[in-house]
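Now for the letters of each chain:
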Amino acid sequence: RPDWRNDDGSYKGIEDEHLRVDTSALEGDAQEAAEARELVASCYLNIALAAQRLGDLDQMRCACDEVLRHIDPSSVKALYRRAEARVRPSKST
């Protein structure tokens, strides 16, 4: 099991190498596939929300694009969050 804490006690971010989606599980009309699509969409939308709170609007838009491109092109939540990422000014540092 990897160590998910930094030296200062804060949690590390999840690296892309740990985020894998078996796309074959998303295909078809079976109940399991529908549940898998819902779960994956929820994960990406949570990533979008976290990115928004961190001010990373590019990551927010990319997470929404994943939902719209690969899971549900009519997801209202993904469309709304992507629009927010496009129109919200970036935080200046």
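As a convention, each chain's residues are numbered from 1 in the sequence order in which they are written. At least 70 in pLDDT is required for a residue's local features to be given in this predicted model, at least 80 for side-chain atom pairs to be given and counted, and no such filter applies to totals for whole chains, interfaces and linings, which use all residues. Think of the side-chain values as coming from all heavy atoms in the structure, minus any hydrogens and water.

A separate point is the nonpolar core. Only buried residues count toward a nonpolar core. Its members are Ala, Val, Leu, Ile, Met, Phe, Trp, Tyr and Cys residues joined through side-chain atoms within 4.5 Å. Working definition: with a 1.4 Å probe on protein chains only, accessible area under 20% of the residue-type maximum means buried, over 50% means exposed, and in between means partly exposed. Residues Ala48, Met60, Val67 and Ala78 are the most contacted members of the largest nonpolar core, which totals 16 residues. Mapped by element, the contributors of at least two residues to this core are α1 (31-54), α2 (57-71) and α3 (76-87). A contact between two residues is defined here by any heavy atoms of the two lying within 4.5 Å. Here valine 67 is in contact with Ala41, Tyr44, Leu45, Asp72, Pro73, Ser75 and Ala78, once residues within four sequence places are set aside. Helical segments are the DSSP runs of H or I of at least four residues, strand segments are the runs of E of at least two, and each set is numbered from the N terminus.

This brings us to the environment of arginine 82. For arginine 82, the location among the structural elements is in helix α3. Once the C-alpha coordinates of arginine 82 and leucine 57 are considered, the two residues, 25 residues apart in sequence, prove to be 8.8 Å apart. In this structure arginine 82 touches Arg61, Cys64, Asp65 and Leu68, once residues within four positions along its chain are discounted.

Attention now moves to α2. For α2, with 15 residues, the first-to-last C-alpha span of 21 Å sits near the 21 Å given by 1.5 Å per residue. Within the span of α2, buried status applies to Leu57, Met60, Ala63, Cys64, Asp65, Val67, Leu68 and Ile71. Buried residues belonging to α2 abut α1 and α3. One less than the residue count of a helix, multiplied by 1.5 Å, gives the span that helix is expected to have.

Before going further, it helps to examine the pattern of salt bridges. Pairing between side chains becomes possible if they bear opposite charge and their charged atoms approach one another. Salt bridge, as applied in this entry: a Lys or Arg side-chain nitrogen positioned within 4 Å of an Asp or Glu carboxyl oxygen. On inspection of all chains with the given rule, the structure shows four salt bridges. A salt bridge links arginine 82 to aspartate 65; its shortest N-O distance comes to 3.1 Å. You can see arginine 82 sitting in helix α3 and its partner aspartate 65 sitting in helix α2, a full 17 residues away along the chain. Of the two residues, arginine 82 and aspartate 65, neither departs from the other in class, the shared state being buried. In this structure, the salt-bridge partner of glutamate 66 is arginine 69, at a minimum N-O distance of 3.8 Å. Within this pair, glutamate 66 and its partner arginine 69 are both found in helix α2, separated by three residues, close to a single helical turn. Overall, glutamate 66 belongs to the partly exposed group, its relative accessible area being 26%.

Now for the state of the cysteines. Criterion for a disulfide: a pair of cysteine sulfur atoms within 2.5 Å. Taken as a whole and judged by the stated rule, the model has zero disulfides. No disulfide involves cysteine 64; its nearest neighbouring cysteine sulfur is the one of cysteine 62, lying 9.4 Å away. For cysteine 64, a relative accessible area of 0% translates into the label buried.

On average, residues of the protein chain score 81 in pLDDT, and 74% of them reach the 70 mark or higher. The predictor's confidence in any single residue is recorded as pLDDT, a number from 0 to 100. Looking at the elements of the protein chain, mean pLDDT is at its lowest for α1, recorded as 90, and at its highest for α3, recorded as 94.

Turning our eyes to something else, we now look at the packing of α2 against α3. Remark: α2 packs on α3, axes separated minimally by 9 Å, with the N-to-C direction vectors making an angle of 155°. The orientation of α2 relative to α3 falls into the category roughly antiparallel. Considering only the axes of α2 and α3, their crossing is left-handed. Contacts between α2 and α3 involve Leu57, Met60, Arg61, Cys64, Asp65, Val67 and Leu68 from the former and Ala78, Leu79, Arg81, Arg82, Glu84, Ala85 and Arg86 from the latter. Classification convention: Asp, Glu, Lys, Arg as charged; Ala, Val, Leu, Ile, Met, Phe, Trp, Tyr, Cys, Pro as nonpolar; all other residues, Gly among them, as polar. When grouped by side-chain class, the residues that make up the contact of α2 with α3 number eight nonpolar, no polar and six charged. What counts as an axis is a line fitted to C-alpha atoms, over the stretch in contact for a helix, and the angles between N-to-C directions run from 0 to 180 degrees. By definition in this entry, angles of less than 35 degrees are roughly parallel, angles greater than 145 are roughly antiparallel, angles of 65 to 115 are roughly perpendicular, and the rest are oblique. Two helices cross in a left-handed way if the nearer one is turned anticlockwise from the farther one by less than a right angle. They cross in a right-handed way if the turn is clockwise.

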